[in-house]
Amino acid sequence: MQKHKGFAVWRLWIVLVLVAMLLPVFGYGQTQQGQYEVVLEVSNEACRQVQIVQFIFLVGESPFASQFAIPPATISMRQARQFTFQMAQRPTAIRIRGTVDGQQTLDVTVGLGTTEYTCGTITMRIVGETPPEEGPVDGLPDLPSELRGIQPGMRPEQVVNQLRDRGFEVEIQGSEEQPKLGDVDDPLLIGALGPGLTVTGYWVSTSGGTLRAAVLHDRPLSSVFLIVVTNFLDLGIAWSPTGGGLGVFLDRPMAMAPGTNFGDAPLSGTAALVLVVKLGGPAQPYVLSLSN
C-alpha cells in the first residue's frame, strides 16, 4: 500500500513537470538578472506539507518567465518560506504550482499584496515599492453576519449577550470570580459543540497576565471560530483560512497571521473568557489548548 502511494505521488510530480514544460514561457535564465527584486512569502498554516515545483511570472494574464524549484521547496505546517527573484521585467502576478500533502495539486495565482490560499497566505511585493493599501491594521475583518456586532472594548458579558442575540446556544463554564481553570499552564480541554449555532465558553485566570489559545478539530470544512475577551477588554478572534483547516489559533501577533485572526496574541489580562464558536452544521468535537 505504501509503495503504491509513493508511486502515485511520483506520477503526480511527473505530470506537473511535463505540463509546466509545455507552457509558453521563457526559461529559468530570465529570472536571474534585472532591475526588479521580487519577494514572495508563502505560509502554511493548515496543511501537513506544501511543496512548490514552479514559479511562473505574469504581466496581466501573459507569462513571460518561469523558474523551477529543484528540489521542490517544502513548507511544513506552521512554517513559512521566503523566495527572492531578480527580474528584468516587472511582474504583476506570480503563478505557483506544486502539491499539497503529496496528493492534491497546488495551482494558485497571486498579485501584489497578500492572498489567501488553501493552506495559508501568500504575500508578493516588489522591493522599493509601496505595498497596496490593505485597510487599517486595527480594524475588524468582515466577519460572518452571525458574529457582526462584536467589537474591541466590549466586556466579556457583552460579547456573550451579542452571541445570544444572534441566535447562538451558549454554555459558559466557570466565572471571572471562580474560573473553570485557574492560572492556566498548558492545559488541554476536550469538548464538543452541538449542532447548529453553538458556543462553549471557559473562564480562565492567568497569573502571568497574558493568554494564548488554540482550537483543534477533525473536520476541515467545519466553520469554527475562537474568541477570547479578557478582563482588560483585550479581544482576539481567530478563524480557519480560506479552503478550510483543522485549527484556529490566537498564539501570535496579528501581522504574523494575516487573514486568519484579529488581535495581537498573547492577549493581555489576568482573567479571560475563551469562547469556542461553531456557525451551523453537525456536532463538532474539539480540543482547546491554553498557555500563558
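Residues numbered from 1 in each chain as written. Predicted model: local features only at pLDDT ≥ 70, side-chain atom pairs only at ≥ 80, totals over all residues. Heavy atoms only, no water.

Let us now look at the side chain of arginine 252. With respect to the helices and strands, arginine 252 occurs in the loop between β15 (247-250) and β16 (261-262). Within polar-contact distance, the side chain of arginine 252 engages the side chain of aspartate 251 at 3.0 Å. Apart from the residues within four sequence positions on either side, arginine 252 is in contact with Glu45, Arg78, Arg212, Ala257, Asn261, Gly263, Asp264 and Ala265. (Helix = DSSP H or I, 4+ residues; strand = E, 2+ residues; numbered from the N terminus. Polar contact = N/O pair within 3.5 Å; in protein donor to acceptor, adjacent residues only side chain to side chain. Contact = heavy atoms within 4.5 Å.)

We now examine unusual backbone geometry. Going from isoleucine 70 to proline 71, the amide bond is cis rather than trans, its omega being -5 degrees. Within the element layout of this structure, proline 71 appears in strand β3 (residues 62-76). Backbone torsion omega between alanine 265 and proline 266 reads 0 degrees, so that peptide bond is classified as cis. Position of proline 266 among the secondary structure elements: in the loop between β16 and β17 (267-268). Of note in this structure, arginine 78 is not a glycine but carries a positive phi near 70 degrees. Relative to the assigned elements, arginine 78 resides in the loop between β3 and β4 (79-87). Of the residues examined, arginine 78 reaches a relative accessible area of 27% and is grouped as partly exposed. The backbone of aspartate 183 sits at a positive phi, close to 50 degrees, despite the residue not being glycine. With respect to the element layout, aspartate 183 can be found in the loop between β9 (169-173) and β10 (188-193). (Buried < 20%, exposed > 50% of the residue type's maximum accessible area, 1.4 Å probe, protein only.)

Scanning all chains against the criterion turns up one disulfide. With its sulfur 2.0 Å from that of its partner, cysteine 47 forms a disulfide with cysteine 119. Torsion about the S-S bond of the cysteine 47 and cysteine 119 cystine: about -85 degrees, corresponding to left-handed handedness. Linking cysteine 47 in the loop between β1 (36-44) and β2 (49-59) with cysteine 119 in the loop between β7 (113-117) and β8 (120-126), this pair joins segments that are 72 residues apart in sequence. By relative accessible area, which is 7% here, cysteine 47 ends up buried. A residue is classified by how much of its surface remains accessible, and cysteine 119, at 0% relative accessible area, is buried. (Disulfide = S-S within 2.5 Å.)

So, to be careful, I would describe these as geometric facts and stop short of saying anything about function.
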